Amino acid sequence: MAKWTATHEAPEPLEGPIVGTVTGGTIIWFALFLFQLPFYGWFADRGMLWWVWTCAVGGVLGLIGLWYVRGRDAALKRHALELAARNEDTQAGPAPQAG
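Everything in this summary refers to the structure shown in the same document.

Parameters and conventions
Residues numbered from 1 in each chain as written. Predicted model: local features only at pLDDT ≥ 70, side-chain atom pairs only at ≥ 80, totals over all residues. Heavy atoms only, no water. Helix = DSSP H or I, 4+ residues; strand = E, 2+ residues; numbered from the N terminus. Rg over C-alpha atoms; globule rule 2.2 N^0.38 Å. Buried < 20%, exposed > 50% of the residue type's maximum accessible area, 1.4 Å probe, protein only. Contact = heavy atoms within 4.5 Å. Areas by Shrake-Rupley, 256 points an atom, 1.4 Å probe, with all protein chains shown as cover. Phe/Tyr/Trp six-rings, centres within 6.5 Å; stacked < 30°, edge-to-face > 60°. Polar contact = N/O pair within 3.5 Å; in protein donor to acceptor, adjacent residues only side chain to side chain.

Moving on, we come to the overall build of the protein. On a plain count of helices and strands, the protein comes out with three helices and zero strands. In sequence order, the secondary structure elements of the protein are arranged as α-α-α. The C-alpha atoms of the protein give a radius of gyration of 25 Å, which is well past the 13 Å a tight globule of 99 residues would have. By principal-axis analysis of the C-alpha atoms, the protein measures approximately 90 × 45 × 15 Å. Relative to its 99 residues, the protein shows a buried fraction of 12%. Residue pairs in contact within the protein that sit at least 24 positions apart in sequence constitute 59% of those at least 6 positions apart. Accessible area of the protein: about 8,600 Å², with a carbon and sulfur share of 68%.

Take a look at the structure:
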């Protein structure tokens, strides 16, 4: 079987409200965990406790993801500010000499 190679370039990644998306997902995982806690015995009797703990782990991983995307967002903003400052410096050029 031959190895597949792309015939065109990959599109640019979509940028959007990533921090909000991860925050919303984390809240949903924790809400599902809290909703299932009163039924812990029901899940245990049927051997489906992994449902409860999957939601808990999803919430914890969401917190880690939230820390990561907030740092990424801050780094992207810092980089954009540095580029803007560099562009302003190069556009201004040297100061004119009074003669």
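This part takes up the packing of aromatic side chains. Going through the model one piece at a time under the given rule, you end up with six aromatic pairs. A ring pair is formed by Phe43 and Trp51, whose centres lie 5.9 Å apart and whose planes are at 45°; its orientation type is tilted. On the basis of relative accessibility, which here comes to 6%, the residue Phe43 falls in the buried class. Chaining the aromatic ring pairs together yields one cluster made of Trp42, Phe43, Trp50 and Trp51.

For the rest of this paragraph, the subject is the side chain of Thr26. Looking at the element boundaries, Thr26 is found in helix α1 (residues 18-36). For Thr26, a relative accessible area of 6% gives the class buried. Separated by 2.8 Å, the side chain of Thr26 and the backbone oxygen of Val22 make a polar contact. Excluding its chain neighbours within four sequence positions, the residues that come into contact with Thr26 are Gly59, Gly62 and Leu63.

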